[in-house]
Amino acid sequence: MRETYILKVYRGTPGRQHWEGFELPRRDSDNVISALDEIRLHPFNKQGKAVAPIAYESGCLEEVCGSCSMLINGRPRQACTALIGKLVGITEENTITLAPFTKFPLVRDLIVDRSKMFADLKKVQAWVEVDQTIDRGPGPKVFPDIQEIRYSLSTCMTCGCCLEACPQINPRSNFIGPAAISQTRLFNLHPVAKEKKPERNHVMMSPGGIEGCGNAQNCERVCPKEIPLLDAISQIGRDVTVQSFSDIFGFGQKETQEKE
Ligand code: SF4
Ligand code: SF4
Ligand code: FES
């Protein structure tokens, strides 16, 4: 086993990116964030030249905040749970490649601006309206199978891996993407937040909504939380169909409600 490996980083600012290699001691239990920390302490590239430390983000270090998401050996994932020992040797020349996501505006080096995702959550009103803080007693019961679906959807950390992998997210499209669709389903299943379901359906029916999905299914494959994104997309597709009939014929939304 070699004692060092090369971390090759696609770095720079918008329009001025280049690959730069760093030689690091191999410690298999380190994660990619520890490797980047090491470069920050000793910012010398493979040729021994002093360079600016690499810009990257991290927060929770336990795959919960999503801030460290990037392309690692070409795959969208979190740097904090990517172990060096599992990555070295997969590519040629004992090299691990790191690059920023390509579907979001680049800020610098490995940092991108994911604010589109948060703006989309606002668009679909991904929240529960709170009416004062009076104790009104226990809320309505939620069936265990719905709890299970909601729990899984609630683990979304807005990391952006699904958008990065989705071919429908590109400069020519205004598709809202699978994460916001899954959160639409999460809040449509909430006993209080479901009141906003018609508004959410109308967002999904508008340009950039559910119709933008080409059913390539890449999103679910890369989601680190294994969120059932394809089920969410299918359910929202059914909801908007019923909503469009409801808009034409004026019947209520009961028909679109899943068992609650
Ligand atoms: S199913 Fe395909 S097109 Fe639809 S959101 Fe997922 S990756 Fe994108
Ligand atoms: S659905 Fe999965 S891949 Fe997409 S943002 Fe949420 S956690 Fe990340
Ligand atoms: S640091 Fe939070 S997901 Fe990696």
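Residues numbered from 1 in each chain as written. Chains lettered and ligands numbered in written order. Predicted model: local features only at pLDDT ≥ 70, side-chain atom pairs only at ≥ 80, totals over all residues. Heavy atoms only, no water.

### A closer look at the site of ligand 1
Here is step 1 of the chain: Close contacts around ligand 1 come from 13 residues, with C166, C213, A216, Q217 and C219 the closest.
Here is step 2 of the chain: For the shell around ligand 1, the secondary-structure elements that each account for two or more residues are α8 (218–222) and α9 (229–249).
Here is step 3 of the chain: Residues belonging to the shell around ligand 1 are distributed by class as follows: eight nonpolar, five polar and no charged. (Near = heavy atom within 4 Å. Helix = DSSP H or I, 4+ residues; strand = E, 2+ residues; numbered from the N terminus. Nonpolar A, V, L, I, M, F, W, Y, C, P; charged D, E, K, R; others polar.)

### Looking at the site of ligand 2
Here is step 1 of the chain: Around ligand 2 there are 13 residues in total, and C156, C159, G160, C162 and C223 lie nearest to it.
Here is step 2 of the chain: In the shell around ligand 2, the residues fall into eleven nonpolar, two polar and no charged.

### Considerations on the sheet that holds strand β5 (residues 95–99)
Here is step 1 of the chain: Ordered in space as β2-β1-β5-β3-β4, the five strands form an open sheet in which the pairing is mixed. Strand pairing shows two members of the sheet lacking a second neighbour, β2 (16–25) and β4 (75–78), which therefore form its edges. For this sheet the average axis-to-axis angle between neighbouring strands, irrespective of direction, equals 30°.
Here is step 2 of the chain: Two strands pair when backbone bridges link them, and strand β3 (residues 69–72) and β4 are joined in this way by four bridges, in the antiparallel orientation. The residue of β4 that forms the bridge with L71 is P76.
Here is step 3 of the chain: The sheet contacts of helix α1 (residues 32–41) involve β1 (4–13), β2, β3 and β5, and relative to β2 the element is tilted by about 95°. (Pairing = 2+ DSSP bridges. Axes fitted to C-alpha atoms, helices over the stretch in contact; angles between N-to-C directions. Contact = heavy atoms within 4.5 Å.)

### Observations regarding the packing of helix α6 (residues 178–188) against helix α7 (residues 197–205)
Here is step 1 of the chain: Closest axis-to-axis distance for the α6/α7 pair is 10 Å, and the angle between their directions is 165°. One way to sum up the angle between α6 and α7 is to call them roughly antiparallel. The handedness of the crossing between α6 and α7 comes out as left-handed. Residues A180, I181, T184, F187 and N188 of α6 form the contact with α7, whose participating residues are K197, R200, N201 and M204.
Here is step 2 of the chain: Taken together, the residues of the contact of α6 with α7 sort by class into four nonpolar, three polar and two charged. (Parallel < 35°, antiparallel > 145°, perpendicular 65-115°, else oblique. Left-handed = near helix turned anticlockwise from the far one by under 90°.)

### Overview of the nonpolar core
Here is step 1 of the chain: Ranked by internal contacts, the top residues of the largest apolar core, which has 42 residues, are L163, I176, I181, M204 and I210.
Here is step 2 of the chain: When contributions to this core are tallied by element, the ones reaching two or more residues are α3 (115–123), α4 (144–154), α5 (161–165), α6, α7, α8 and α9.
Here is step 3 of the chain: Sort the elements by how many residues they give to this core and α9 lands first, with six residues.
Here is step 4 of the chain: Split by domain, the residues of this core number at least three in each of domain 1 (4–112) and domain 2 (115–256).
Here is step 5 of the chain: Excluding residues that lie within four positions of it along the chain, I176 makes contacts with K116, D120, K123, V124, L163, I181, V203, M204, G208 and G209.
Here is step 6 of the chain: Residues F22, I39, A82 and V88 belong to the second largest nonpolar core, which totals 25 residues. (Core = buried A, V, L, I, M, F, W, Y, C linked by side-chain atoms within 4.5 Å. Buried < 20%, exposed > 50% of the residue type's maximum accessible area, 1.4 Å probe, protein only. Domains from an automatic or database assignment.)

### Observations regarding the packing of aromatic side chains
Here is step 1 of the chain: Scanning the model with the defined rule gives three aromatic pairs in all.
Here is step 2 of the chain: Across the ring face of W19, the terminal group of K8 is positioned such that the distance to the ring centre comes to 5.5 Å. (Phe/Tyr/Trp six-rings, centres within 6.5 Å; stacked < 30°, edge-to-face > 60°. Lys NZ or Arg CZ within 6 Å of the ring centre and 35° of its normal.)

### Re the domain arrangement of the chain
Here is step 1 of the chain: Domain boundaries assigned for the chain yield domain 1 (4–112) and domain 2 (115–256).
Here is step 2 of the chain: Using C-alpha coordinates to define each centre, domain 1 is positioned 32 Å away from domain 2.
Here is step 3 of the chain: The partner domain 2 presents 14 residues to the 14 residues of domain 1 that form the contact.
Here is step 4 of the chain: Note on domain 1 versus domain 2: buried area summed over both sides is about 1100 Å², and carbon and sulfur give 55% of it.
Here is step 5 of the chain: It is P76, K103 and F104 in domain 1 that bury the most area against domain 2; as a group they hold 48% of the surface buried on that side.
Here is step 6 of the chain: Between the two partners, domain 1 and domain 2, sit zero salt bridges.
Here is step 7 of the chain: Here domain 1 is connected to domain 2 by six residue pairs in polar contact (both at pLDDT 80 or more).
Here is step 8 of the chain: It is β4 that contributes the most residues to the side of domain 1 that touches domain 2, four residues altogether.
Here is step 9 of the chain: Partitioned by chemical class, the residues of the side of domain 1 that touches domain 2 number six nonpolar, four polar and four charged. (Buried area = accessible area lost by both parts, 1.4 Å probe. Salt bridge = Lys/Arg side-chain N within 4 Å of Asp/Glu carboxyl O. Polar contact = N/O pair within 3.5 Å; in protein donor to acceptor, adjacent residues only side chain to side chain.)

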